[in-house]
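Each chain, written out:
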Amino acid sequence: EGNKDPWRHPSSTNTLWGPPTDKAYYISPPDKGVDCHCEFCRKLVDTTGPRLGRASRIVGRFTARMAGEIKKRWPHLTVHYLPYANYTLPPGDVVFPDNVIVSLCMMSGAANDKEPAIAADNDRMIEGWSKLTGGRPIRLWEYVCWPVDDTALPFQYPHVVKGFHQRHRKRVEGSYLNTGYYPPEIPAQDAM
């Protein structure tokens, strides 16, 4: 029978959650990791891999197949895909049709690029997603609360963010800045 109202937000009867428009279809599971144990997904989950990639093949294959069907039926639609949580890392064995725009949520954020290990992880993710989209630029979903919520001290990092964006100017075409939340110990959060 199926869900008669699949875009209804689970916590509200009046809020829709990423419904399709006349131009776009959005694929972004709820704000948590994907944890399915059905017969199909069990074969694709990587239980021993890095935590940010354990469900990448599940959601990546679903997105590629869904985008392929959308392209056949509605060639004017663009599919926006948000890799996040345990499906953030690019699945190496998936290729997306040319109607997919990836908006990668870098789980550590560009500001944490000051750490060489995080910079290397971010570089690999951006390069990997760009390859899966046929070399088309990707977009970023940035939480500006990272690294703010990791410290109570003032944190200035414009040179880090500038260097990040200069390095990725051919692979990244824009960033959405999500303020996220501010921990209660940070003063004046109500003023923001």
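Here the structure is shown first, and the text comes after it.
In what follows, the accompanying structure is described. Every value quoted in this text rests on a predicted model; they were computed, and no experiment measured them.

## Side note on unusual backbone geometry
Leave glycine aside and you will find that most residues have negative phi; peptide bonds, for their part, are mostly trans. Of note, Ala85 is a non-glycine position whose phi angle comes to about 50°, a positive value. With respect to the helices and strands, the residue Ala85 is situated in the loop between strand S2 (78-81) and strand S3 (100-105).

## As for the nonpolar core
Ranked by size, the top nonpolar core spans 37 residues in total, and within it Tyr81, Phe96 and Leu104 carry the most contacts. For this core, the element with the most residues is helix H2 (residues 56-73), which contributes five residues. Not counting the four nearest positions on each side in its chain, Phe96 is found in contact with Gly60, Thr63, Ala64, Tyr81, Val102, Trp129, Leu132, Thr133 and Arg136.

## Regarding the pairing of strand S4 (residues 138-143)
Bridge analysis of S3 against S4 gives three bridges, and the strand direction is parallel. Residue pairing in the sheet places Leu104 in a bridge with Leu140 of S4. Handedness of the S3-helix H3 (residues 116-132)-S4 crossover: right-handed. In this sheet, strand S5 (residues 172-178) lies alongside S4 in parallel orientation, the contact comprising six bridges. Within S5, the residue paired with Glu142 across the bridge is Leu177.

## Examining the layout of surface pockets
Empty space within the second largest pocket amounts to approximately 210 Å³. Lining the second largest pocket are 11 residues, with Leu52, Met107, Ser108, Asp121 and Met125 positioned closest to its centre. It is H3 that contributes the most residues to the lining of the second largest pocket, five residues altogether.

## Focus: the state of the cysteines
Applying the stated criterion across every chain, the model contains zero disulfides. Among the cysteines around Cys36, which has no disulfide bond, Cys38 carries the closest sulfur, lying 3.6 Å off.

## As for the side chain of His168
With respect to the element layout, His168 can be found in the loop between helix H5 (158-167) and S5. Here His168 falls in the buried class, since its relative accessible area comes to 4%. With near-sequence residues (within four places) excluded, His168 lies in contact with Asp123 and Ile126.

## Looking at the side chain of Thr63
Take Thr63: it is sitting in helix H2. Those residues in contact with Thr63, other than ones at most four positions away along the chain, are Ile27, Tyr81 and Phe96.

## Re H2
Helix length check: H2, at 18 residues, gives a terminal C-alpha distance of 26 Å against a target of 26 Å (1.5 Å per residue), a fit within 8%. Listing the buried residues of H2 in full gives Ser56, Ile58, Val59, Gly60, Thr63, Ala64, Ala67 and Ile70. Considering only its buried residues, H2 is in contact with strand S1 (24-27), helix H1 (39-42), S2 and S3.

## Topic: H3
Relative to the 24 Å expected for 17 residues at 1.5 Å per residue, H3 spans 24 Å between its end C-alpha atoms, a close match to the ideal helical length. Ala119, Asn122, Met125, Ile126, Gly128, Trp129, Ser130 and Leu132 are the residues of H3 that are buried. Positive backbone phi, approximately 75°, marks Gly134, located one or two places after H3.

Calculation rules
Residues numbered from 1 in each chain as written. Predicted model: local features only at pLDDT ≥ 70, side-chain atom pairs only at ≥ 80, totals over all residues. Heavy atoms only, no water. Helix = DSSP H or I, 4+ residues; strand = E, 2+ residues; numbered from the N terminus. Core = buried A, V, L, I, M, F, W, Y, C linked by side-chain atoms within 4.5 Å. Buried < 20%, exposed > 50% of the residue type's maximum accessible area, 1.4 Å probe, protein only. Contact = heavy atoms within 4.5 Å. Pairing = 2+ DSSP bridges. Right-handed = clockwise from strand over helix to strand, strands pointing away. 1 Å grid on protein atoms, 1.4 Å probe; cavity = no way out; pocket = protein on both sides within 12 Å on 5 of 7 lines; lining within 4 Å. Points joined across faces, edges and corners; volume = space filled by probe spheres on them. Disulfide = S-S within 2.5 Å. Expected span 1.5 Å × (residues − 1).

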